[in-house]
Amino acid sequence: NMDAYFETVKDYLLELNFTIIQEDKEDGVFVVENEESGIKNTVLIVSEPMVIVEQLICELADDDPAIYQRLLIKNRDIIHGAFTLDDTGKRLFFRNTHECENLDLNELEATLNSLAILLSEYSDELIKISK
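What follows deals with the packing of aromatic side chains. Summed over all chains, the structure comprises two aromatic pairs. With centroids separated by 4.2 Å and ring planes inclined at 15°, the aromatic side chains of phenylalanine 6 and phenylalanine 30 adopt a geometry described as stacked. Here the residue phenylalanine 6 occupies a position in helix 1 (residues 2-15), and phenylalanine 30 occupies one in strand 2 (residues 29-34), the gap between them amounting to 24 residues. Accessibility expressed as a relative area gives 1% for phenylalanine 6, which makes it buried. Given the relative accessible area of 0%, phenylalanine 30 is considered buried.

What follows deals with the nonpolar core. Ranked by internal contacts, the top residues of the largest apolar core, which has 34 residues, are Leu13, Phe30, Phe83, Leu92 and Leu108. Breaking this core down by element, the ones donating at least two residues are helix 1, strand 2, strand 3 (39-47), strand 4 (50-59), helix 2 (65-75), strand 6 (91-99), helix 3 (105-121) and helix 4 (123-129). In this view, leucine 13 contacts Phe18, Phe30, Val32, Leu44, Leu108 and Leu112; residues no more than four positions away in its chain are not counted.

Now for helix 1. With 14 residues, helix 1 ought to run about 20 Å at 1.5 Å a step, and its terminal C-alpha atoms sit 20 Å apart, in line with that. Within helix 1, the full set of buried residues consists of Phe6, Val9, Tyr12 and Leu13. An end-on view of helix 1 places all buried positions within 125° of arc, on one side of the element. Packed against the buried residues of helix 1 are strand 1 (19-24), strand 2, strand 3, strand 4 and helix 3. One side-chain oxygen of the residue at the start of helix 1 lies 3.2 Å from the amide nitrogen of aspartate 3, identifying that residue as asparagine 1. Remark: asparagine 17 follows helix 1 within two positions and exhibits a positive phi of approximately 65°.

A word on the pattern of salt bridges. Going through the model one piece at a time under the given rule, you end up with eight salt bridges. Put simply, glutamate 54 and arginine 95 hold a salt bridge, and the shortest N to O gap is 2.7 Å. Remark: arginine 95 occurs in strand 6 and glutamate 54 occurs in strand 4; sequence separation between them is 41 residues. Here glutamate 54 falls in the buried class, since its relative accessible area comes to 18%. A residue is classified by how much of its surface remains accessible, and arginine 95, at 30% relative accessible area, is partly exposed. A salt bridge links lysine 74 to aspartate 77; its shortest N-O distance comes to 3.8 Å. The buried category is assigned to lysine 74, whose relative accessible area is 15%. By sharing partners, the salt bridges in this structure join Arg70, Glu125 and Lys128 into a single network.

Cut-offs and rules
- Residues numbered from 1 in each chain as written.
- Predicted model: local features only at pLDDT ≥ 70, side-chain atom pairs only at ≥ 80, totals over all residues.
- Heavy atoms only, no water.
- Phe/Tyr/Trp six-rings, centres within 6.5 Å; stacked < 30°, edge-to-face > 60°.
- Helix = DSSP H or I, 4+ residues; strand = E, 2+ residues; numbered from the N terminus.
- Buried < 20%, exposed > 50% of the residue type's maximum accessible area, 1.4 Å probe, protein only.
- Core = buried A, V, L, I, M, F, W, Y, C linked by side-chain atoms within 4.5 Å.
- Contact = heavy atoms within 4.5 Å.
- Expected span 1.5 Å × (residues − 1).
- Arc of directions from axis to C-beta.
- Polar contact = N/O pair within 3.5 Å; in protein donor to acceptor, adjacent residues only side chain to side chain.
- Salt bridge = Lys/Arg side-chain N within 4 Å of Asp/Glu carboxyl O.

Printed below as a string of structure tokens:
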């Protein structure tokens, strides 16, 4: 059930040394950070049957098709998760989804590691394309 999944995700986050900045059991939301890996304000939403991991990366400076092309090319390199845009097409996110019932510690760790690597290795590029 939802409560059990919420508690499981919480246990995993703590085991992975994440600081839980915000927690809303009713909405199934965590906001977490881990300074060592450069992860800040990452949102996890436990919404059965899915656990969503989402990180706002930046606002895009303009509608240059070359930017979207670079982001989609980069998506091929991201092993766990992908770049996505919100409904406005202006805000760039990292996002990954997991099935609640299959989620294990290693899977969540892989997603968060993927995000950490992306933030560190791709940061110069992200600065260029952001406002």
